[in-house]
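Structure at a glance
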Amino acid sequence: MEDTNLYEYAVIRYVPRVEREEFVNVGLVMMCKRRRWMRAAIHLPLGRLAAYDCGHTPAELEHQLSVFTALSLGDKDAGPLAQLPVEERFRWLTAVKSACIQTSRPHPGKTADLDATFTRLLTELVL
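**Some words on the overall build of the chain**
- Check the secondary structure of the chain and you find 4 helices and 5 strands.
- Counting from the amino terminus, helix and strand elements in the chain follow one another as β-β-β-α-α-α-β-β-α.
- Here the C-alpha radius of gyration of the chain, 15 Å, is about what a compact globule of 127 residues would show, namely 14 Å.
- Projected onto its principal axes, the C-alpha positions of the chain cover 50 × 30 × 20 Å.
- Scored against the burial criterion, the 127 residues of the chain give a buried share of 39%.
- Partitioning the contacts of the chain with sequence separation of at least 6, the portion at a separation of at least 24 is 64%.
- When the accessible surface of the chain is totalled, it reaches about 7,500 Å², and 52% of it is carbon and sulfur.

Dropping the structure here:
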């Protein structure tokens, strides 16, 4: 029997103007507590962002979004949050916020291959 892993994922969104509730999917964060596995990837679709009245430059967005990848890797330079267990880092990143960087609600799934599932979800939902 193939070993399956329960995972959770959330789509990372850029919300140019929070009051309009419009957003662009700019990344994905995924976590498996049992495997102590977490991964995030960012992709800024500059053409789509140009269609909005963005108050941020791509460089500013990349800098702000880099926290997702740093925390998912447990990068010690990312501060004390990076040292928390993966499930706590994931909960912190996916907490409901009224800010220009938000995530969707977390969604669950099961897979035997976390990396392949991450790549598939990133391709389907962000790229």
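**Regarding the pairing of strand 2 (residues 24–32)**
- Of all the 9 residues making up strand 2, 9 are buried; the element is thus mostly covered by neighbouring parts of the structure.
- Judged from the 7 bridges that link them, strand 1 (residues 5–14) and strand 2 form a sheet pairing that is antiparallel. Residue pairing for strand 2: Val 11 is matched across the bridge by Leu 28.
- Where strand 2 and strand 3 (residues 37–42) come together, 6 bridges link them in antiparallel fashion. By the bridge assignment for strand 3, Gly 27 is matched with Ile 42.
- Taking the residues between adjacent antiparallel strands as the criterion, strand 2 and strand 3 are bridged by 4 residues, where Arg 36 takes a positive phi near 55 degrees.

**Topic: the nonpolar core**
- With 20 residues, the main nonpolar core has Val 29 and Leu 65 as its most contacted residues.
- Of all the elements in the fold, those that place two or more residues in this core are strand 1, strand 2, strand 3, helix 2 (58–73) and helix 3 (86–94).
- Apart from the residues within four sequence positions on either side, Val 29 is in contact with Glu 8, Tyr 9, Ala 10, Ile 12, Met 38, Arg 39, Ala 40, Phe 90, Leu 93 and Thr 94.

**Side note on the packing of aromatic side chains**
- Considering all chains together, one arrives at 2 aromatic pairs under this definition.
- Between Tyr 7 and Tyr 9 the ring centres are 6.3 Å apart and the planes differ by 35 degrees, which places this aromatic pair in the tilted class. Residue Tyr 7 shares its accessibility class with Tyr 9, and that shared class is buried.
- With 6.4 Å between their ring centres and 75 degrees between their planes, Trp 37 and Phe 118 make a pair best called edge-to-face. One end of the pair, Trp 37, is in strand 3; the other, Phe 118, is in helix 4 (residues 114–125), with 81 residues separating them in the sequence. In this structure, Trp 37 and Phe 118 share a single accessibility class: buried.
- Here Arg 13 stacks its cationic end above the ring of Phe 23, 4.0 Å away from the centre of that ring.
- Residue placement shows Lys 97 over the ring face of Trp 92; its charged tip is 5.9 Å from the ring centre.

**Remarks on helix 3**
- Residues Val 86, Arg 89, Phe 90, Leu 93 and Thr 94 constitute the buried set of helix 3. For helix 3, the angular spread of buried residues about the axis comes to 120 degrees, placing them on one side.
- Buried-residue contacts for helix 3 involve strand 1, strand 2, strand 3, helix 2 and strand 4 (101–103).

Criteria and cut-off values
- Residues numbered from 1 in each chain as written.
- Predicted model: local features only at pLDDT ≥ 70, side-chain atom pairs only at ≥ 80, totals over all residues.
- Heavy atoms only, no water.
- Helix = DSSP H or I, 4+ residues; strand = E, 2+ residues; numbered from the N terminus.
- Rg over C-alpha atoms; globule rule 2.2 N^0.38 Å.
- Buried < 20%, exposed > 50% of the residue type's maximum accessible area, 1.4 Å probe, protein only.
- Contact = heavy atoms within 4.5 Å.
- Areas by Shrake-Rupley, 256 points an atom, 1.4 Å probe, with all protein chains shown as cover.
- Pairing = 2+ DSSP bridges.
- Core = buried A, V, L, I, M, F, W, Y, C linked by side-chain atoms within 4.5 Å.
- Phe/Tyr/Trp six-rings, centres within 6.5 Å; stacked < 30°, edge-to-face > 60°.
- Lys NZ or Arg CZ within 6 Å of the ring centre and 35° of its normal.
- Arc of directions from axis to C-beta.

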